[in-house]
Amino acid sequence: MQQRMLIREVPSQIGKEVFLKGWVSVRRDHGKLVFLDVRDRSGSVQVVVLPNHLDSCAAVHEVRNETIVSLVGRVNERPANAKKEGELTGGVEIEALELTILAKGEEDLPIDVSSSDLDVNLDTLLNNRTVSLRHPKIQAIFKLYSLLLAGYDQACRKEEFVEIKTPKILSSATEGGANFFKIKYFDREAYLAQSPQFYKQAGATVFERVFEIGSVFRAEPHFTSRHVNEYVGLDGEMAFIEGVEDVMAMLEKIMFSTFSFFALEGEIELNRYAGHLPPQVAIPRIRLSEALRLLKEEYGKEVENEDIDGEGERMISEYVSKKYGSDFVFLTHYPAALRPFYSMPSADGKYTETFDLLFRGVEIASGGQRIHEYRMLVDSIRRKGLDPEQFRDYLDVFRYGAPAHGGWGLGSERIIQKLLGLGSIKEALLYPRDVKRLTP
Ligand code: ATP
Ligand code: MG
């Protein structure tokens with residue numbers, strides 16, 4: 001039995017016989033010739049079945065788009081002008097000698113995945129996920145997503161962050177939030193975690209630096225292009241900081257290091273989307289109040305409650321991109337009223353030592369310095385109208401002393417959405433969950 005070879009190795013095998021397995025992306029008939037574009041995880045190559053090999057390749061009669069095959073073939077050089085630009089294997093063609101069908105569909109495909117661009121609407125794309133994922137351009141999203149996870153992991157470890165996994169089933173809906181999913185837990189009620197906040201803070205007070213890549217559940221009835229009800233958060237938390245500036249500096253370092261990882265390994269996938277990497281220039285830090293003033297001055301935009309909305313975030317990103325050449329911007333010092341009780345207040349008491357990180361017009365992270373003094377924390381809980389008794393376990397982290405610390409929560413799917421310019425965040429999830437969608 002011959003050893004299977006990956007398609008990316010084929011160009012180095014001119015004149016030799018190879019054994020391949022993969023999917024037939026497209027079947028094309030030209031008179032007596034049958035052309036098959038065959039793909040595997042490493043790439044795609046053109047295969048031709050000539051009339052004189054039809055006996056040993058009789059199975060080709062049954063081959064349709066997306067039939068799964070194995071084949072033995074001879075690698076031939078193609079004329080230079082046949083080479084398609086950007087195609088690794090464009091310089092070669094395989095003359096099939098034997099062809100076997102490994103698996104074929106029970107039915108016709110619900111969507112055509114043979115064209116270079118998959119032209120279907122979002123619902124169709126998601127309803128037929130197992131088929132749409134076969135499209136190389138869709139796969140590219142998830143190859144980059146995989147690189148994001150690896151890149152973030154590597155970047156955090158390089159800075160001596162310890163990876164932790166915190167529980168996603170909680171006994172109470174903390175942070176006073178209404179956005180928790182309630183679940184049945186044996187004979188009790190429980191809630192799905194809408195952030196690893198408390199546990200990662202506990203982690204930072206023990207390990208100094210922790211990071212987590214984990215599921216986040218949000219029971220928010222959003223109908224936007226940037227919200228889903230289950231996403232994967234990239235969290236980080238670090239102790240012995242001097243202030244929130246240290247947290248932003250670390251997040252910037254980790255982001256840039258993560259994006260460099262795309263440059264090393266994700267070039268082919270990025271090119272499929274004309275996705276360009278953000279320039280690594282120092283990320284501007286602008287106070288929220290200053291950003292709101294700019295919005296009014298530059299765009300005539302009025303704001304309410306000292307808060308910035310989605311449109312404002314887009315405008316500020318545009319402004320920063322023009323003025324500083326940065327695709328990122330930190331907005332800092334949000335009013336205390338807009339931030340959770342654990343946010344460290346600024347000296348003036350009105351603002352907080354917090355930030356949002358925007359990337360190409362959308363918030364991708366929130367973060368800040370946390371309150372680490374027990375008494376201050378209890379007071380802050382009360383000031384938000386909450387009962388400290390409800391936060392007993394969390395308060396234990398501070399009852400016995402905790403170092404100054406802070407951190408961030410990043411949305412992984414939004415990073416990929418903005419990196420590739422995807423219309424909806426849902427395209428960056430294999431099987432997204434939204435208000436209407438629980439399947440597939
Ligand atoms: P937004 O204001 O955009 O709704 P948020 O401020 O409520 O987000 P955070 O609690 O700050 O969200 O969560 C940290 C990060 O997690 C966000 O910056 C975002 O990247 C991501 N995120 C939050 N909610 C969602 C969601 N529903 N779907 C996808 N990603 C999300
Ligand atoms: Mg936020």
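The sections below set out a description of the structure shown in this document.

Quick notes on the rules
Along each chain, residues carry numbers from 1 onward, in the same order as the chain's sequence is written. Ligands are numbered from 1 and chains lettered from A, in the order in which they are written. Residues qualify for local features only when their pLDDT is at least 70, as the model is predicted, and side-chain atom pairs are given and counted only at 80 or more; totals for whole chains, interfaces and linings, by contrast, use all residues. Values shown for side chains rest on all heavy atoms present in the structure; no hydrogens or waters enter the calculation. Residues are counted as near a molecule or strand when any one of their heavy atoms sits within 4 Å of it. Here a polar contact is taken to be a pair of N or O atoms separated by no more than 3.5 Å, where protein atoms must pair a possible hydrogen donor with a possible acceptor and residues adjacent in sequence count only if both atoms sit in side chains. What sets the accessible areas is the Shrake-Rupley method with a 1.4 Å probe; for residues, cover comes only from the shown protein chains. The way it works is that DSSP assigns letters per residue, a run of H or I at least four long becomes a helix, a run of E at least two long becomes a strand, and they are numbered from the N terminus. Water is not part of the atom set, so a site may look incomplete; the donors themselves are N, O and S atoms within 2.8 Å of the metal, or 3.2 Å for Na, K and Ca. Residue exposure (1.4 Å probe, protein chains only): buried if accessible area is under 20% of the type maximum, exposed if over 50%, otherwise partly exposed. Pairing of aromatic rings covers Phe, Tyr and Trp, the last counted by its six-membered ring, and requires centre-to-centre distances within 6.5 Å; plane angles under 30 degrees mean stacked, over 60 mean edge-to-face, and any other angle means tilted. Two strands qualify as a pair provided DSSP detects at least 2 bridges between them. Within the patch definition used here, like charges are joined within 9 Å and nonpolar side chains (Val, Leu, Ile, Met, Phe, Trp, Tyr) within 5 Å, considering only residues with over 30% relative accessible area and no salt bridge. A pair is scored as a salt bridge if a Lys or Arg side-chain nitrogen falls within 4 Å of a carboxyl oxygen belonging to Asp or Glu.

Taken together, 14 residues are adjacent to ligand 1, and H227, V228, E363, I364 and S366 come closest. R218 is positioned such that a nitrogen or oxygen atom in its side chain is 2.9 Å from an oxygen atom of ligand 1. Within the contact set of ligand 1, an oxygen atom lies 3.0 Å away from a side-chain nitrogen or oxygen of Y231. Coverage of ligand 1 by the protein chains reaches 81% of its 580 Å² of free accessible surface. For the shell around ligand 1, the elements supplying multiple residues, two or more each, are strand 15 (362–369) and strand 16 (405–411).

Coordination sphere of the magnesium ion (ligand 2), protein contribution only: E363 (OE) and S366 (OG), at 2.1 to 2.2 Å. E363 sits in the partly exposed class, given a relative accessible area of 24%.

A cis geometry characterises the amide bond from T439 onward to P440, with omega recorded as -10°. Turning to its location among the elements, P440 is positioned in the segment after helix 11 (412–420). The backbone of F186 sits at a positive phi, close to 50°, despite the residue not being glycine. By the element assignment, F186 lies in the loop between strand 8 (182–185) and strand 9 (188–192). Notably, E306 is not glycine yet its phi reads approximately 55°, a positive angle. By the element assignment, E306 lies in the loop between helix 7 (288–299) and helix 8 (310–324). With a relative accessible area of 32%, E306 lands in the partly exposed category.

Considering all chains together, one arrives at 18 aromatic pairs under this definition. Ring geometry for F161 and W408: centres 5.9 Å apart, planes at 50°, overall tilted. Placement of F161 in the loop between helix 3 (136–158) and strand 6 (162–163) and of W408 in strand 16 is noted, with a sequence separation of 247 residues between them. Relative accessible area serves as the criterion here: at 4%, F161 is assigned to the buried category. The buried category is assigned to W408, whose relative accessible area is 0%.

With that settled, consider the pairing of strand 1 (residues 17–30). Across seven bridges, strand 1 lies against strand 4 (residues 68–77) in antiparallel orientation. Of the residues in strand 4, the one forming a bridge with V18 is G73. Following strand 1, the chain reverses through two residues before pairing antiparallel with strand 2 (residues 33–40); G31 in that reversal takes a positive phi of roughly 60°.

Before going further, it helps to examine the sheet that holds strand 15. Read across the sheet, eight strands follow the order 6-10-11-16-15-14-13-12 without closing on themselves; strand pairing throughout is mixed. Every interior strand has two partners, whereas the edge strands, strand 6 and strand 12 (285–287), have only one. Bridging between strand 12 and strand 13 (residues 328–332) involves three bridges; their strand directions are parallel. The residue of strand 13 that forms the bridge with R287 is T332.

Across the sheet, which stays open at both edges, the three strands sit in the order 7-9-8 with antiparallel pairing between neighbours. Of all strands in the sheet, those with a lone pairing partner are strand 7 (169–170) and strand 8, marking the two edges. Strand direction decides the pairing type here: strand 7 and strand 9, joined by two bridges, are antiparallel. Of the residues in strand 9, the one forming a bridge with L170 is Y191.

A few words now on a nonpolar patch on the surface. On the surface, V162, V206 and F207 cluster together to form a nonpolar patch covering roughly 270 Å² of accessible area. Here V206 is to be found in helix 4 (residues 197–207).

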